[in-house]
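# Coordinate inspection notes
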Amino acid sequence: MDFEAVIGLEVHAQLLTRSKLFCGCSTDVHSRTNANVCPVCAAHPGTLPVLNRKAVEFAVKAALATNCRINSRSIFARKNYFYPDLPKGYQISQYDQPLAVGGYIDIEAAASKRVRLTRIHMEEDAGKSVHAQGYSMVNLNRAGTPLIEIVSEPDIRSAEEAGAYLRKLRAILMYIDVCDGNMQEGSFRCDANVSVRPRGSGKFGTRAEIKNVNSFRFVEKAIEYEIRRQIQIVESGGTVVQETRTYDSGKNVTVSMRSKEEAHDYRYFPEPDLIALKIPEAMITVAQATLAELPDQKKNRYEQMGIPAYDANVITSSKKLAEFFDEACGTGEVHGEGLNSTFVSPKDVSNWVIGELLRLLKADEREIDDFKMNPYHLRTLVKLVREGAINNNTAKTVFEEMYKTGREPGEIVQAKGLAQVSDAGAIEAAIAEVIAANPSQHQDYKSGKDKLFGFFVGQVMKKMAGKANPAVVNGLLKKKLSQ
Amino acid sequence: MILELHEKLKSRKLSSVELTRHYLKRIAADRTNSYLTVCEEESLKEATAADARIASGKDVTPLTGIPLGLKDILCTNGVRTTCASKILGDYKPPYDATSVERLKRSGAVTLGKLNMDEFAMGGSNENSAFGAVKNPVNPEYVPGGSSGGSAAAVKAGLAAATLGTDTGGSVRLPAAFTGTVGLKPTYGLVSRYGLVAFASSLDQIGPLGATTEDCAAVLSAIAGHDPLDSTSFKREPADYVALMAAERGKKLRIGVPKEYFVEGIEKAVAEKFSEARKGLEKAGHTFVEISLPHTEYSVAVYYILAVSEASSNLARFDGVRYGMRAKGDLSLTEMYSKTRALFGEEVKRRIILGTFALSAGYYDAYFKKACQVRRLISGDFSEAFKKVDAVMAPTAPSAAFRLGEKIADPLKMYLNDIFTIPVNLAGLPAISTPIGRAAQGLPIGMQFIGRHFEEPRILALSKQVEEEVYREKVDHGF
């Protein structure tokens, strides 16, 4: 039988506010253990929550950037469960009246696709339990940190689409500066609901929820494994049970955590300590007006600048990479043409990014935005080539050096003596030597073997350590060979 | 009492230290079990500071130098706060409740922490882990609850006035049972920050005093918006003594709800009530019968909503961060369950009821339905207040009952709150005022209920009762 997977994703994204959602404590994760704790976030008896306005603004921005409809009135609710790192014994979240509903994200996987969003709601994070030999400790620095939960419709059909969705969502949140997207530190976490069904069936199969996987690669692998596991169960005549599973990255398997029967009854009810959250029209207007350029908008702009769709998609998949590109081209929103008026072709810049930069990053097994290079250095490099100061091959050497050391290209060219030689005298001398050293080839060329021209170019370039201006070499060589 | 003491302090006929010593001496000889913690050293320090403040003549408020008591559910920085429960152990909060902080800022002296029903759950003050409070009028009778210590302390002269909390009648019922005045302010008028939550949507801090004026004076110090409590209204602090005085002389239409005079109401209560009514009629007020048709559902609604919220509010008492923790080599679940066994019977009963009412499959039938009926009960009052300026009703169906009389029958106990609960459900202000004594000498109270934020009006009515109908004697031994 032919199966298809049905996947819905729940993403928890930590908002980049300086203080926590319901108290004034810092959200700095690098602080000393339990340094960012006050009576409110430690749930001392009698304390009450006060909502962080900035967090609401950030959540509204996230909702707008993902095309959601913002509810003018939403309600906080208590989600009740016992765990030592949950100080109040309940988490303040939103339940039946979330901040925003609807919305969608367009993704590029095997094909272009629109993934619909069910809702976005605000909630607070729990603390962190640290287990030692025979006892456990609790660090409450993270307790009360503002999160948004973004819930997708079950529109995703493969691990690849899930990966594309998560990358796109993360990019959007990073573009609008509401989340740092750091998966290792848990600022961007994902739960995946996975089920399988015979292709074409209108009914959903029983789903399993895979909790808290901490990298894109692992999410994709966990989903792939889970799809295989469920298909195997169905094919061998079994039934998938509804349960929560965790992903063991070491063994690349998902493991049952708790069954439906063991699931918590969260006993949601409206949080009586907070009044209804009313979003004024003005807040939405301001958020909309100050929303940064989104990945899709940037991509369209790049395509209009003559960048191929694929390249534009790759560059805009990371805010940092796109900003690097914009600055290198001098087409960024902020800097514009001001810093350097000499025109640099965006196509040349994108060729360097897509070609050399990604090749080097891939060789180093690094993420596409994990590099330190000054965009103005790339711009200088493009200009050096265009002006004929160095040739393309030399430029690649210079680029690699820039990537490794962060040095300025002019400096590299000088230090390594890589400047292109266009001086006719020097080139003529080299040509004379080459012709003298290869008389038979010269004879053959003259008697009509035109193909040997390439051989001579190669020899001359070799003689000049690759630095000769190819155009000048071509012109002079043609003349000398026919003499 | 407070304003008279204030005059004496201001004219230096009496110092706050003397006054504080006077109360500390009385507390030392107390037989009502009103205090759980006495802050001897701290209160004398505060009294000394108050005397200096009075001497300087700067920032002197009517409460400067006045010794007050606090229900032990209000957090006090560095001073043990128990909620009359074993589960908190010797918990010392790292902060003052907003109301406490405001009292301190106005220069009041805080004598100590007052006994109560555990976590404010009860109507007789018998549910205290530290023993019941005895009614100062007759030690064989309960003082009412849950703010039993707060009421008994005022009656027995163990504080000039006190703070209690009222979730379903916990200020007004003990006020009625002890012959004191107790005000439950409009929900949101007094900050709940630092009040250990029982039922967040109903809890409200209120003063108890020997006179209406005392309640007004204390309210003036604690009322007003608090940015730390999102449910506190954006109201500026006000002088309720002056506002109350401004209300006097107005001839009002007062509604008497017919649903409050059904079977089960004690004869003496009905009699004293009608005497009070006659007195107020003589003073020029008009009385009309009104209907609050959903009154009969109040107790049921209350005991769903209050216990649901409580089940969640009390979850934090898990032994992980503060308070008592069960000892031994225990698994997490064992640690939780053994720690939480430290709750008293009534608290456990309510946690279980609340957990049930919120659980999957029952939420719609209980919690959601109760919320809907709560709106109907509020609506009853809104309708009534279109026709009348205030509502007058008995505070409780009876005078105080004997210690132990109802403790075995929770349902009977719950019905004590039948007249006080609707006010909390509607978030309205109400004041219980003494109107006489029953045959066996036990005090009887009556309450005025006002529109939201119409405290000045009900205070004025209460004061008029004091002056023109009945005044309960309070002797603080001066």
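Notes on the structure follow. Given the structure is predicted, the values throughout are model-derived calculations rather than measurements.

This part is about the overall build of chain A. What chain A contains, in helices and strands, is 15 helices and 17 strands. Here the C-alpha radius of gyration of chain A, 30 Å, is well above what a compact globule of 483 residues would show, namely 23 Å. Projected onto its principal axes, the C-alpha positions of chain A cover 95 × 55 × 50 Å. By the burial criterion, 51% of the 483 residues in chain A qualify as buried. Across chain A, the fraction of contacts at a sequence separation of at least 24, relative to all contacts at a separation of at least 6, is 69%.

Our focus in this paragraph is helix 4 (residues 98-105) of chain B. Residue and element names in this part refer to chain B. Of the positions making up helix 4, those classed as buried are T98, S99, V100, R102 and L103. As for helix 4, its buried residues are in contact with strand 2 (67-71), strand 4 (161-165), strand 6 (205-209) and helix 7 (212-222). G107 sits one or two residues past helix 4 and shows a positive phi near 95°.

Here we take up unusual backbone geometry. Looking along the chain, the bond that leaves B:G145 and enters B:S146 is cis, with omega of 5°. Within the secondary structure, B:S146 is located in the loop between strand 3 (109-114) and helix 5 (148-155). At A:D177, a position not held by glycine, the phi torsion is positive, near 60°. Within the element layout of this structure, A:D177 appears in the loop between helix 2 (159-175) and strand 12 (188-198). For A:D177, a relative accessible area of 43% puts it in the partly exposed group. At B:A120, a position not held by glycine, the phi torsion is positive, near 70°. Judged by its relative accessible area of 3%, B:A120 is buried.

Here we take up the side chain of A:R78. Residue and element names in this part refer to chain A. Relative to the elements of secondary structure, R78 occurs in strand 4 (residues 76-80). At a separation of 3.3 Å, a polar atom in the side chain of R78 contacts the side chain of Y90. Within the structure, the side chain of R78 is placed 3.0 Å from the side chain of E271, a separation counted as a polar contact.

As summarised here, the arrangement of the three strands in space is 5-4-16 (chain A), forming an open sheet in which the pairing is antiparallel. Edge positions in the sheet fall to strand 5 (90-94) and strand 16 (269-270) of chain A, since each of these pairs with one other strand and no more. By the bridge criterion, five bridges tie strand 4 of chain A to strand 5 of chain A in an arrangement that is antiparallel. Note that in strand 5 of chain A the partner of A:N80 across the bridge is A:Y90. The strands touched by helix 10 (residues 298-313) of chain B are strand 4, strand 5 and strand 16 of chain A; relative to strand 4 of chain A, the strand with the most contacts, the crossing angle is about 65°.

Definitions and cut-offs
Along every chain, residues carry numbers that run from 1 in the direction the sequence is written. Each chain gets a letter, beginning with A, and each ligand a number, beginning with 1, in the order they are written. In view of the model being predicted, local features appear only for residues whose pLDDT reaches at least 70, and side-chain atom pairs are presented and counted only at 80 or more, with totals across whole chains, interfaces and linings using the full set of residues. Heavy atoms throughout the structure, all of them, feed into the side-chain values; hydrogens and water do not. Only DSSP runs of H or I reaching four residues or more are called helices, and only runs of E reaching two or more are called strands; each is numbered from the N terminus. Our radius of gyration is a C-alpha quantity, and the globule rule it is checked against amounts to 2.2 Å times the number of residues to the power 0.38. For every residue, the accessible area (1.4 Å probe, protein chains only) is compared with the maximum for its type, and the residue is labelled buried under 20%, exposed over 50%, or partly exposed between those bounds. We call two residues contacting when some pair of their heavy atoms lies within 4.5 Å. We define a polar contact as two N or O atoms separated by no more than 3.5 Å, with the added condition that, inside protein, one atom must be a possible hydrogen donor and the other a possible acceptor, whereas residues neighbouring each other in sequence contribute only through side-chain atom pairs. Two strands make a pair as long as DSSP finds a minimum of two bridges between them. Axis lines are fitted through C-alpha atoms, for helices just across the contact stretch, and the angle between N-to-C directions can take any value from 0 to 180 degrees.

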